[in-house]
Amino acid sequence: MASTTKIMTCILALELADEEEVCQVSANAQAQPKVHLGMREGETYYLEDLLYSMMLESHNDSAVCVAEHVGGSV
């Protein structure tokens, strides 16, 4: 189920956002358990880099950061 959610998050990000957009890490994204990139609240990343992190390494914090960025809620 988590992998399907990440795939849908990636599809929506590619459809609704520009890969050059900058995403800011929230406390919620930082707090994600298990497989994570090790992000810190307030850091910024290009959306393109987060998509690679999310889809190739299955990083949960990257997925949450992307979802929040595309969804507009942090």
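Residues numbered from 1 in each chain as written. Predicted model: local features only at pLDDT ≥ 70, side-chain atom pairs only at ≥ 80, totals over all residues. Heavy atoms only, no water.

(A) Inspection of the overall build of the protein chain at higher detail. Check the secondary structure of the protein chain and you find 4 helices and 2 strands. Walking the protein chain from its N terminus toward its C terminus, one meets helices and strands in the order α-β-α-β-α-α. Principal-axis analysis of the C-alpha atoms places the extent of the protein chain at approximately 25 × 25 × 20 Å. Residues classed as buried in the protein chain amount to 32% of the 74 residues present. When contacts within the protein chain are restricted to residue pairs at least 6 apart in sequence, long-range pairs at least 24 apart make up 61% of them. (Helix = DSSP H or I, 4+ residues; strand = E, 2+ residues; numbered from the N terminus. Buried < 20%, exposed > 50% of the residue type's maximum accessible area, 1.4 Å probe, protein only. Contact = heavy atoms within 4.5 Å.)

(B) Geometry of unusual backbone geometry. Phi at lysine 34 takes a positive value of approximately 60 degrees, unusual for a residue other than glycine. Relative to the elements of secondary structure, lysine 34 occurs in the loop between helix H2 (27-30) and strand S2 (44-46). Phi at serine 58 is positive, roughly 60 degrees, even though this residue is not glycine. As for its placement among the helices and strands, serine 58 is situated in the loop between helix H3 (47-57) and helix H4 (60-71). Accessibility expressed as a relative area gives 28% for serine 58, which makes it partly exposed.

(C) Here's a closer look at the side chain of histidine 59. With respect to the secondary-structure elements, histidine 59 resides in the loop between H3 and H4. Non-local contacts of histidine 59, meaning those with residues more than four positions away in its chain, are made with Lys6, Val35, His36, Leu37, Ser53 and Met54.

(D) Region of interest: the confidence of the model for the protein chain. Looking at the protein chain as a whole, its pLDDT mean stands at 94, while 97% of the residues score no less than 70. Mean pLDDT values for the elements of the protein chain range from 94 in helix H1 (residues 2-16) up to 98 in S2. (pLDDT = per-residue confidence, 0-100.)

(E) The state of the cysteines, seen in detail. Tallying each qualifying case throughout the model produces 0 disulfides. Between cysteine 10, a free cysteine, and cysteine 23, which holds the nearest cysteine sulfur, the sulfur-to-sulfur gap is 12 Å. With no disulfide of its own, cysteine 23 lies closest to cysteine 65 among cysteine sulfurs, the gap being 5.1 Å. Residue cysteine 23 is classed as buried on the basis of its relative accessible area of 1%. (Disulfide = S-S within 2.5 Å.)

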